[in-house]
Amino acid sequence: MAGYKDYIYNTENFDHIHKYLLGPVMKIITKRNNRRILDIGCGNGWLTNYLIENGFDAYGTDASESGIEIAKRKNPKRFFVQDLTKDDLPDELQSISYNTIISTEVIEHLYSPREYLDFCKRILQKSGGGELIISTPYHGYFKNVALSITGKMDEHFTVLWDGGHIKFWSVKTLSKLLEEKGFREIKFKGCGRLPLFWKSMIISCRI
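## Structural notes on the pattern of salt bridges
In total, this model carries 7 salt bridges according to the counting rule given. A salt bridge links K74 to E53; its shortest N-O distance comes to 3.8 Å. One end of the pair, K74, is in the loop between α3 (65-71) and β3 (79-81); the other, E53, is in helix α2 (residues 46-53), and 21 residues separate them in sequence. Here the two residues K74 and E53 agree in accessibility, since each one is exposed. E180 is the salt-bridge partner of R114, the closest N and O atoms lying 2.7 Å from each other.

Listed below in structure tokens is the structure:
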């Protein structure tokens, strides 16, 4: 998980998970199948707190101390800072079994996405397996053509955003990486905007 930016969260109103992702994510998870959820890269805890408020047993981790500080204002015992120099969860979370990991808009920021997926895989396998649900900005042929025609390529693929996106995933490339790491039952859902021009994609899979 090396390379994840320690963002500074200075407002409680900042939604780490974009609101257009919430509906599709909530259609995937159920209290029966997703009994205990770990939100990796939870930001200011917006999604995790929403899950807790709706009866889910959820915890969140993030590299950002400022984000976790905000998250703890609602549920202080559910959020922990993730030390990126370690290949394990914070001590307080290591004895808990999770059958679901959610990670929204994180993998596009990582230098080493394989290490990130190994990390998620170990956590789920320690609990006997489970479901991984991740989202990332969608990239596909028609969307890229539209960006090019409308002169939006520089804006979309900006290099001027410190800590911004460094990986640009398609369904094919992300599915290939998940298969490489042994994940199965890979399912794709686009969300935001019109089909084939989606803002993001949500991938669910199992290990």
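## Some details on the packing of helix α1 (residues 19-28) against α2
At their nearest, the axes of α1 and α2 sit 12 Å apart, and the two run at 45 degrees to each other. In this view, α1 runs oblique relative to α2, as classed from their interaxial angle. With respect to the hand of their crossing, α1 and α2 are arranged in right-handed fashion. On α2, the residues that touch K19, L22 and M26 of α1 are W46, L47, Y50 and L51.

## A look at the confidence of the model for the protein chain
Per-residue pLDDT for the protein chain averages 89, and the proportion of residues at 70 or more is 91%. Throughout residues 1-12 the model reports pLDDT below 50, and contacts reaching past four residues in sequence, or to other chains, amount to 46 contacts.

## Section: α2
What α2 keeps buried is the set L47, T48, N49 and L51. Tucked into the core, α2 has its buried residues touching α1, β1 (36-40), β2 (57-62), α3, β3 and β4 (100-104). Once α2 ends, the next one or two residues include G55, with phi positive near 90 degrees.

## Considering helix α7 (residues 171-180)
The set of residues buried in α7 consists of L174, S175, L177 and L178. One side of α7 carries all its buried residues, which in axial view fall inside an arc of 160 degrees. Opposite the buried face of α7, at more than 90 degrees from it, the exposed residues are K172, K176 and E179. Its buried side turned inward, α7 meets α4 (113-126), β5 (131-137), β6 (184-191) and β7 (200-206). After α7 finishes, the residue G182 shows a positive phi value of roughly 90 degrees.

## Regarding the side chain of H139
The topology assignment puts H139 in the loop between β5 and α5 (141-149). We classify H139 as buried; its relative accessible area is 7%. One polar contact links the side chain of H139 to the main-chain carbonyl oxygen of P137, over a distance of 3.4 Å. Among the polar contacts listed, one links the side chain of H139 to the side chain of H156, at a separation of 3.0 Å. Other than its neighbours up to four places away in sequence, H139 contacts N144, H156, F157, F168, W169 and S170.

## Describing the packing of aromatic side chains
Scanning the entire structure with this criterion turns up 7 aromatic pairs. Between the aromatic rings of Y59 and Y98, the centroid separation amounts to 6.1 Å while the plane-to-plane angle is 85 degrees, which identifies the pairing as edge-to-face. Taken as a pair, Y59 in strand β2 and Y98 in the loop between β3 and β4 lie far apart in primary sequence, 39 residues in all. Here Y59 and Y98 have matching classes, each one buried. Note on F188 and W198: the rings are 5.4 Å apart at their centroids and 70 degrees apart in plane angle, and the pair reads as edge-to-face. Here W198 lies in the loop between β6 and β7 and F188 lies in strand β6, a separation of 10 residues in the sequence. By relative accessible area, which is 34% here, F188 ends up partly exposed. In this structure W198 comes out as buried when scored by relative accessible area, which is 15%. The positively charged end of R78 is found above the aromatic ring belonging to Y59, 4.4 Å away from the centroid.

Calculation criteria
- Residues numbered from 1 in each chain as written.
- Predicted model: local features only at pLDDT ≥ 70, side-chain atom pairs only at ≥ 80, totals over all residues.
- Heavy atoms only, no water.
- Salt bridge = Lys/Arg side-chain N within 4 Å of Asp/Glu carboxyl O.
- Helix = DSSP H or I, 4+ residues; strand = E, 2+ residues; numbered from the N terminus.
- Buried < 20%, exposed > 50% of the residue type's maximum accessible area, 1.4 Å probe, protein only.
- Axes fitted to C-alpha atoms, helices over the stretch in contact; angles between N-to-C directions.
- Parallel < 35°, antiparallel > 145°, perpendicular 65-115°, else oblique.
- Left-handed = near helix turned anticlockwise from the far one by under 90°.
- Contact = heavy atoms within 4.5 Å.
- pLDDT = per-residue confidence, 0-100.
- Arc of directions from axis to C-beta.
- Polar contact = N/O pair within 3.5 Å; in protein donor to acceptor, adjacent residues only side chain to side chain.
- Phe/Tyr/Trp six-rings, centres within 6.5 Å; stacked < 30°, edge-to-face > 60°.
- Lys NZ or Arg CZ within 6 Å of the ring centre and 35° of its normal.

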